[in-house]
Amino acid sequence: MSFNHIVIQNILRDKWTYVSYFLSSMFSIIIFFLFTVIVFHPSLAGLDPDSTLGLALMLASLLVYLFSFIYIAYSIMAFLKKKTKTLGIFMITGASMKQIRTLVFRENILIGVLAIITAIVLGLVISPLFLMGAKVVLNAEAFGMYFPIKAIMLTIGLFLVLFVVISKVMTRFINKEASIQLLKSDVVIEKSIKPHYLLLFFSIIITLGLGYFLEHDIVGSLGLLFYAAFFLSVLCTIYLIISQGMRFMLKAFERSSAYMKQTNMLLASNLNAKMKSHANMLFLITILLSGVFLCTSILFSSYYNVDKDSEANYPYSFQYIAPPKADPNKVEADIKKIEEQLSTVDSQKYFIKFKSNEDQRLGYMSVSDYNLLHNEKISLGANEFIAVAGNHKTIPITNVSNDKYLKQFKLVSVNEKNLLTTGFQQTYFIVPDEVYNSIQYPVYKAYLFELDNWTAHTELAKKIIKDFPHIYEKRYVTSKIELYDAEMFIKSVMFFIGSMLSLIFLSAAMSILYFYLQTTLLQEKEKYVGIRKLGLSKKELFTVVSKELAILIFVPFAIATTMLFATLFAMRTMVSTSFIQVSMMSSLCFFALFFVSYIFIRKSYFKRLLSN
């Protein structure tokens, strides 16, 4: 029997140990392959690598690859933990550490190669549908199918290197003494979690303190270092909350009257015996789910209110402002051409003037023109004015004590809604017509066009902006339609990338749980065989297993959901109602998904637990 034959037989005899490792690796490779199919698509051959789409796709591919590296490393460690007893048998029969490491290395390389080949084959099958989806999401005109040679070669090369490096490194963690000791004892007693309530208290205080300073200047001075410290602090706090909370809850449960009822004593005993490994598992799944929830909420909510945000920055479908130095004949010709292009759609045209203190970028508009824009009949006294915002989300200037014309005027109202293109003027002062005529500042002429159902005219907007580009001191042309289209494209790219990352995190959470259950399966089977001899029925065993699995699945879900809504509450003044609504809906969807997963995992695990 050759050495390679031993490798293959070892895999086939314990195939279930490798199934999750193979599937999770294959899934990560498929995601990376599909991203590279997009990156190397012929339609993007002329794409600027520094553009939003180029940077986003390359960054996403890098994130997927780095996550795959970490995840596959964890998978191999879980695999080695389960194979420790088997490796001990090889050692007792005379195998050297070099042979053991070679055996494990070849097994992992074989699984890795099979995962790469299977992922590429499935990726080629899926890629036509994936490209169709990308075409819709990214709003790309031409995203047809092609044979992705570059994507295939890059995927094979990078993941072969990944499997070789990880397999080489991880085999160094094989411990001869631990393997033989496990083979002899059959049981490894975990160290109990020690009480660290004071450490938990200080960790929470530090995290809250760092969170408080997120809105202060210290963030700008420290930059990435501050965010790294805050992130590590959050991770430490979450782990301490889970581990110390689990210890506290178990101790409290043991003192309660419910401890002696039904199978609760056995459940508490199981949780106590595996408290540390359970806490580690809960922590890992909680972090992954938190990433999924946060990504999903941000991505889906980003599609909400794009039209309102665009309109808040650029209030009109098209805005053509002719500065004082503009050629009147050229302006007239431009407006005539714009009107011709808009003749096929329903639109309204407004013509107004305003004067500008160009040094301070303060605009002055007559109340008649202001009423025309807002379809109102506001009247002002001889020494009254209205302050209107010139920048989105910026309160207009109301102090006019130093103003040449308005220092004796009375402010009657403030309008924080942006009047014209954001940033063109700091503030607009609405004054009586007589006062406006007396102001001696350069005059700007504004031609404003508003289209019915304006979000549906993106192609028209592109054409007009292309024909009438912005030219300094000659014409200033803006369009909320163009801004809306650009924002929607960015949101689409974010959605496209984040959805894939969310899928990876979610599958990783389920795979990690599967690995954990597989690692402890043999030990649990032997334990429950002994307990059943003492009179434990299948129904009682099913109850204990169900409760333990429910803790492993739903406790991380509950913690991640609590963290999400705690974050939303802390940011309640910064996030929209749609964000909260989407977060609630996505949480309910994930709960339904987790409940279905719980039913299937419980049934499969219990069946294997009782199998011979």
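Right above here is the structure, for reference.
Residues numbered from 1 in each chain as written. Predicted model: local features only at pLDDT ≥ 70, side-chain atom pairs only at ≥ 80, totals over all residues. Heavy atoms only, no water.

**As for the overall build of the chain**
So, point 1. In terms of helices and strands, the chain carries 19 helices and eight strands.
So, point 2. Here the chain holds 612 residues, and 46% of them are scored as buried.
So, point 3. Contacts in the chain between residues far apart in sequence, at least 24 positions, make up 84% of those at least 6 positions apart.
So, point 4. In the form shown here, the chain has an accessible surface area of approximately 32,200 Å², with 65% of it arising from carbon and sulfur atoms. (Helix = DSSP H or I, 4+ residues; strand = E, 2+ residues; numbered from the N terminus. Buried < 20%, exposed > 50% of the residue type's maximum accessible area, 1.4 Å probe, protein only. Contact = heavy atoms within 4.5 Å. Areas by Shrake-Rupley, 256 points an atom, 1.4 Å probe, with all protein chains shown as cover.)

**As for the sheet that holds strand β4 (residues 384-389)**
So, point 1. The eight strands are arranged β5-β4-β6-β3-β2-β7-β1-β8 in an open sheet whose pairing can be described as mixed. Each edge of the open sheet is held by one strand with a lone partner, namely β5 (410-415) and β8 (476-478). Looking at each pair of strands side by side, their axes are set apart by 25° on average, direction ignored.
So, point 2. In the packing of helix α13 (residues 328-341) onto the sheet, contacts are made with β1 (318-322), β2 (347-357) and β7 (443-451), and the angle to β1 comes to roughly 170°.
So, point 3. Strands in contact with helix α14 (residues 367-374) are β2, β3 (362-366), β4, β5, β6 (427-431) and β7; relative to β3, the strand with the most contacts, it is inclined by about 85°. (Pairing = 2+ DSSP bridges. Axes fitted to C-alpha atoms, helices over the stretch in contact; angles between N-to-C directions.)

**What about the pattern of salt bridges?**
So, point 1. Inspection of every chain in the model, using the stated rule, returns nine salt bridges.
So, point 2. Between Glu311 and Lys480 there is a salt bridge whose closest N-O contact spans 2.6 Å. With Glu311 in helix α12 (residues 306-313) and Lys480 in helix α17 (residues 480-533), this residue pair connects regions lying 169 residues apart in the sequence.
So, point 3. Lys480 gets classed as buried once you look at its relative accessible area, which sits at 0%.
So, point 4. Linking Glu450 and Lys480 is a salt bridge whose minimum nitrogen-to-oxygen distance equals 2.8 Å. Of the two residues, Glu450 sits in strand β7 while Lys480 sits in helix α17, which places them 30 residues apart along the sequence. One exposure class covers both Glu450 and Lys480, and it is buried.
So, point 5. Each of Glu311, Glu450 and Lys480 takes part in a single network of salt bridges with overlapping partners. (Salt bridge = Lys/Arg side-chain N within 4 Å of Asp/Glu carboxyl O.)

**Regarding unusual backbone geometry**
So, point 1. Even without glycine at this site, Asn375 takes up a positive phi of about 55°.
So, point 2. For Asn375, the position within the fold is in the loop between α14 and β4.
So, point 3. Taking relative accessible area as the criterion, Asn375 reaches 73% and is therefore assigned exposed.
So, point 4. Even without being a glycine, Lys393 presents a positive backbone phi close to 60°.
So, point 5. Judged by relative accessible area, which is 77%, Lys393 ranks as exposed.

**Here we look at the packing of aromatic side chains**
Each aromatic ring pair is characterised by the separation of its centres together with the angle its planes make.
So, point 1. Inspection of every chain in the model, using the stated rule, returns 22 aromatic pairs.
So, point 2. Pairing Tyr239 with Phe283 gives two aromatic rings, centres 5.4 Å apart and planes at 90°, and the pair type is edge-to-face. Of this pair, Tyr239 sits in helix α9 (residues 224-255) while Phe283 sits in helix α11 (residues 275-301); the two residues are 44 residues apart in sequence, bridging distant segments of the chain.
So, point 3. Here Tyr239 falls in the partly exposed class, since its relative accessible area comes to 24%.
So, point 4. Assessed through its relative accessible area of 17%, Phe283 is described here as buried.
So, point 5. Centroid distance Trp454 to Tyr484: 5.5 Å. Interplanar angle 75°. Geometry classified as edge-to-face. Within this pair, whereas Trp454 is found in the loop between β7 and α16 (458-467), its partner Tyr484 is found in helix α17, the two being separated by 30 residues in sequence. No difference in accessibility class separates Trp454 from Tyr484, as the two residues are buried.
So, point 6. Feature note: the residues Phe354, Phe424, Tyr428, Tyr444 and Tyr476 constitute an aromatic cluster, connected by ring pairs.
So, point 7. Looking at Lys355, its charged tip hangs above the ring of Tyr436, at a distance of 4.6 Å from the centre. (Phe/Tyr/Trp six-rings, centres within 6.5 Å; stacked < 30°, edge-to-face > 60°. Lys NZ or Arg CZ within 6 Å of the ring centre and 35° of its normal.)

**A look at the side chain of Asp334**
So, point 1. Take Asp334: it is sitting in helix α13.
So, point 2. If we ignore the near neighbours within four places in the chain, the residues touching Asp334 are Tyr320, Phe468 and Arg475.

**Some points on empty space enclosed by the protein**
So, point 1. Following the criterion strictly, the structure yields two cavities of 30 Å³ or more and no others.
So, point 2. Approximately 70 Å³ is the volume attributed to the largest cavity.
So, point 3. As for the largest cavity, its lining consists of Lys274, His278, Tyr516, Leu517, Thr520, Glu524, Tyr528, Val545, Glu548, Leu549, Leu552 and Tyr605.
So, point 4. Where the lining of the largest cavity is concerned, the elements lending two or more residues are α17 and α18 (538-570).
So, point 5. Among the elements that take part in the lining of the largest cavity, α17 stands out by supplying five residues, more than any other.
So, point 6. Residue composition of the lining of the largest cavity, by class: seven nonpolar, two polar and three charged. (1 Å grid on protein atoms, 1.4 Å probe; cavity = no way out; pocket = protein on both sides within 12 Å on 5 of 7 lines; lining within 4 Å. Points joined across faces, edges and corners; volume = space filled by probe spheres on them. Nonpolar A, V, L, I, M, F, W, Y, C, P; charged D, E, K, R; others polar.)

**Topic: α16**
So, point 1. Along α16, the residues classified as buried are Thr458, Leu460, Ala461, Ile464 and Ile465. Along α16, the residues classed as buried sweep out an arc of 155° about the axis, all on the same side. Residues of α16 that are exposed and point over 90 degrees away from its buried face: Glu459 and Lys466. (Arc of directions from axis to C-beta.)

**Re the side chain of Thr237**
So, point 1. Along the chain, Thr237 falls in helix α9.
So, point 2. Here Thr237 is in contact with Leu200, Ser203, Ile204 and Thr207, once residues within four sequence places are set aside.

**What to know about the nonpolar core**
So, point 1. By size, the foremost hydrophobic cluster in this structure holds 89 residues, and its most contacted members are Phe159, Phe163, Leu289, Tyr528, Val545 and Phe594.
So, point 2. Looking at this core element by element, the count peaks at 18 residues for α17.
So, point 3. With sequence-adjacent residues up to four places away left out, Val545 is seen in contact with Tyr528, Tyr605, Phe606 and Leu609.
So, point 4. In this structure, Ala322, Ile338, Leu342 and Ile464 belong to the second largest nonpolar core, which totals 22 residues. (Core = buried A, V, L, I, M, F, W, Y, C linked by side-chain atoms within 4.5 Å.)

**Digging into the environment of Val234**
So, point 1. Tracing the backbone shows Val234 in helix α9.
So, point 2. Between the C-alpha atoms of Val234 and Leu208, which are 26 residues apart in sequence, the distance is 9.1 Å.

**Notes on a nonpolar patch on the surface**
So, point 1. On the surface, Phe69, Ile70, Val161, Val165 and Val169 cluster together to form a nonpolar patch covering roughly 420 Å² of accessible area.
So, point 2. Listing elements by their share of the nonpolar patch, those giving two or more residues are α3 (52-92) and α5 (149-170).
So, point 3. When residues in the nonpolar patch are grouped by element, the largest group, three residues, is from α5.
So, point 4. Structurally, Val169 is set in helix α5. (Patch = residues over 30% accessible without salt bridge, like charges linked within 9 Å, V, L, I, M, F, W, Y side chains within 5 Å.)

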